[in-house]
Amino acid sequence: MENAANKTELAGMTREELTGWIIAQGLPSFRGRQIFEWIHRGVDFDGMTNLPAAMREKLKETAVAQSVEIRLQRISALDGTVKFLFALRDGNCVEGVLMHYKYGVSLCISTQVGCRMGCRFCASTLEGLVRNLTAGEMLGEILAANRYLSQGKEQKPEKVSHVVLMGSGEPLDNYDEVVRFLHLLREEEGIRISLRNVSLSTCGIVPRMYDFARENLPVTLCVSLHAPNDEIRRKTMPVANRWSIREIMEACRNYIRETGRRVIFEYALSEGVNAGEKDAAELAELLRGMQCHVNLIPLNVVRERNLKGVSEETVREFMQTLEEKHISVTRRREMGDDIEGACGQLRRKTIRENNP
Ligand code: SF4
């Protein structure tokens, strides 16, 4: 939990761990609870008004309360979606996307800087994996978004109510910190986001899917499937060379059995790759009888990769084929098209602009 500047990152600690750390600093244990509450409210040391000023200054020398700041924000003129570029303390950046729904406010967070999975349709992986995020940094993304939401609304601030682990990074490739983060969400006196409001998206790291089922957390598992068979999947997802769709399906059935929750399959449509009627029929056959849902995503074109999006008609026909075969399906709301809405695009754009 040491950050780049060798200060202790407090946001990744449970209330008990933080209290232990406070006692080790020679401070009374009740300060641990106070600081924990402040941190989960998104407040930095300067704002911890029930702590003596001298104590705050001393803490600042050795510890970090808020490890994520918003470096850049883009608000979509189309639908109000906000894309954040979050700055981490070591100078790295990750992205997050804030969306308002009827049921609440959802934040899509990143779990790694970059990603080593190499999916061809994704901009986050173009420079490979830089590093894992800590649990405290994942929590920090939410706290930063909450600070943004409360600006000018001190009386009745909105807060992030739903979290999607679908930004840059493969969450199950950063397993221990992701699980720690999920536990932090339900700590008493903490941020208190129900794990039923959390979705985790994986490209299909099969052994970790079994591990995750054993954690017995009521998180919705989303699987980036993007193909009805291994041959097509291998064209866009290198991970398909390691685990087959059959193995992924078995791991999904196990997850459904263990948690009682349906699995969501993400399917990004790309012309000439996976969007034909035959592909839809094969997908329906693959998922027949499974407690699942399909999320169709009309592809955002990645400038650096040679993949085409699809027409409205293709999306409609694909959906129709699935529906006729009784597969639950929706088309993902296209959000923030005008703000580099897809995963990795804003970070890349910023890197490009800073390194012309
Ligand atoms: S889609 Fe997800 S798993 Fe694949 S490269 Fe992008 S961030 Fe990584």
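Refer to the structure above for everything that follows.
Rules used throughout
The residue count restarts for each chain, going from 1 along the sequence in the order it is written. Whole-chain, interface and lining totals are the exception, using all residues; otherwise, since this is a predicted model, local features are given only for residues with pLDDT of at least 70 and side-chain atom pairs are given and counted only at 80 or more. Each side-chain value is worked out from all heavy atoms of the structure, with water and hydrogens disregarded. The way it works is that DSSP assigns letters per residue, a run of H or I at least four long becomes a helix, a run of E at least two long becomes a strand, and they are numbered from the N terminus. Radius of gyration here is computed from C-alpha atoms only, and the compact-globule reference equals 2.2 Å multiplied by the residue count raised to the power 0.38. Burial classes follow relative accessibility: with a 1.4 Å probe on protein chains only, a residue under 20% of its type's maximum area counts as buried, one over 50% as exposed, and anything between as partly exposed. Should any heavy atoms of two residues lie within 4.5 Å, those residues are considered in contact. The Shrake-Rupley method, run with a 1.4 Å probe sphere, supplies the accessible areas, and residue values consider only the shown protein chains as cover. Two rings belonging to Phe, Tyr or Trp (six-membered ring only in the last case) form a pair when the distance between their centres is within 6.5 Å. Interplanar angles under 30 degrees mark stacking, angles over 60 mark edge-to-face geometry, and anything in between is tilted. Any residue with a heavy atom positioned within 4 Å of a molecule or strand is treated as near that molecule or strand. The nonpolar class holds Ala, Val, Leu, Ile, Met, Phe, Trp, Tyr, Cys and Pro. Asp, Glu, Lys and Arg form the charged class, and all remaining residues, Gly among them, are polar. DSSP calls a pair of strands paired once it identifies at least 2 bridges connecting them. Lines fitted to C-alpha atoms define the axes, with helix axes restricted to the stretch in contact, and inter-axis angles between N-to-C directions lie between 0 and 180 degrees. To sort the angles, those under 35 degrees are grouped as roughly parallel, those over 145 as roughly antiparallel, those from 65 to 115 as roughly perpendicular, and the leftovers as oblique. Here a crossing is called left-handed whenever its near helix is offset anticlockwise from the far helix by less than a right angle, and right-handed whenever the offset is clockwise. As used throughout, the charge tally considers Lys and Arg to be positive and Asp and Glu to be negative, leaving His and the chain termini uncounted. The term salt bridge refers to a pairing of a side-chain nitrogen on Lys or Arg with a carboxyl oxygen on Asp or Glu at a separation within 4 Å. Here a polar contact is taken to be a pair of N or O atoms separated by no more than 3.5 Å, where protein atoms must pair a possible hydrogen donor with a possible acceptor and residues adjacent in sequence count only if both atoms sit in side chains.

## Describing the overall build of the protein chain
Scanning the protein chain from N- to C-terminus turns up 11 helices and 14 strands. Over its C-alpha trace the protein chain gives a radius of gyration of 21 Å, about what one expects of a compact globule, namely 21 Å for 356 residues. Over its C-alpha atoms, taken along the principal directions, the protein chain stretches across nearly 70 × 45 × 40 Å. For the protein chain, with 356 residues in total, the buried portion stands at 56%. Pairs at least 24 residues apart make up 66% of the contacts formed inside the protein chain by residues separated by at least 6 positions. Surface summary for the protein chain: the accessible area is close to 16,000 Å², and the carbon and sulfur share equals 46%.

## Re the packing of aromatic side chains
Per the counting criterion, the structure on display carries six aromatic pairs. Seen from their ring centres, Tyr-101 and Tyr-103 are 4.9 Å apart, and the 5 degrees between their planes marks the pair as stacked. On the accessibility criterion, Tyr-101 (27% relative accessible area) is partly exposed. Consider the rings of Tyr-267 and Phe-318, whose centres lie 5.1 Å apart with planes at 40 degrees: the pair is tilted.

## Notes on the site of the ligand
The environment of the ligand is formed by Cys-115, Met-117, Gly-118, Cys-119, Phe-121, Cys-122, Thr-125 and Gly-169. Among the residues forming the shell around the ligand, the class breakdown is five nonpolar, three polar and no charged.

## Concerning the sheet that holds strand β12 (residues 263-269)
Spatially, 10 strands are ordered β3-β4-β5-β6-β9-β10-β11-β12-β13-β14 in an open sheet, and the strand pairing comes out mixed. Sheet topology places β3 (68-75) and β14 (329-331) at the edges, where each strand pairs with a single neighbour. Here the strands of the sheet are splayed against their neighbours by 25 degrees on average, with no regard to which way each runs. In this sheet, strand β13 (residues 292-298) lies alongside β12 in parallel orientation, the contact comprising seven bridges. For Glu-266, the partnering residue across the bridge sits in β13 and is Asn-295. Each of β12, β13 and β14 is contacted by helix α10 (residues 312-324), which is oriented at about 165 degrees to β14, the strand it contacts most.

## Some remarks on the packing of helix α4 (residues 135-150) against helix α5 (residues 175-185)
Between α4 and α5, the least distance of the axes is 8 Å, while the angle of their chain directions is 50 degrees. When the interaxial angle is binned, α4 and α5 end up oblique. For the crossing formed where α4 meets α5, the hand is right-handed. Residue-level inspection shows Ala-135, Met-138, Leu-139 and Ile-142 of α4 in contact with α5, the latter providing Glu-177, Val-178, Arg-180, Phe-181, Leu-184 and Leu-185. Residue classes in the contact of α4 with α5 are distributed as eight nonpolar, no polar and two charged.

## Looking at the side chain of Arg-261
Inspection of the secondary structure puts Arg-261 in the loop between α8 (245-259) and β12. Here Arg-261 sits buried without a salt bridge, and the closest side chain of opposite charge, Glu-266, lies 13 Å off (N-O distance). Of the polar contacts made by the side chain of Arg-261, one reaches the backbone oxygen of Pro-218; its length is 3.3 Å. Setting aside residues up to four positions removed in sequence, Arg-261 forms contacts with Arg-196, Pro-218, Val-219, Thr-220, Ile-256 and Gln-291.

## Here's the deal with the environment of Leu-287
Here Leu-287 is to be found in helix α9 (residues 277-287). Given the relative accessible area of 1%, Leu-287 is considered buried. Distance from Leu-287 to Gly-309, taken between C-alpha atoms, is 24 Å for residues 22 residues apart in sequence. Not counting the four nearest positions on each side in its chain, Leu-287 is found in contact with Met-249, Phe-265, Cys-292, Val-294 and Ile-327.

## Comments concerning the side chain of Glu-187
Here Glu-187 is to be found in the loop between α5 and β10 (198-202). No salt bridge is formed by the buried Glu-187; its nearest oppositely charged neighbour, Arg-15, is found at 5.3 Å. With sequence-adjacent residues up to four places away left out, Glu-187 is seen in contact with Thr-14, Arg-15, Phe-36 and Arg-192.

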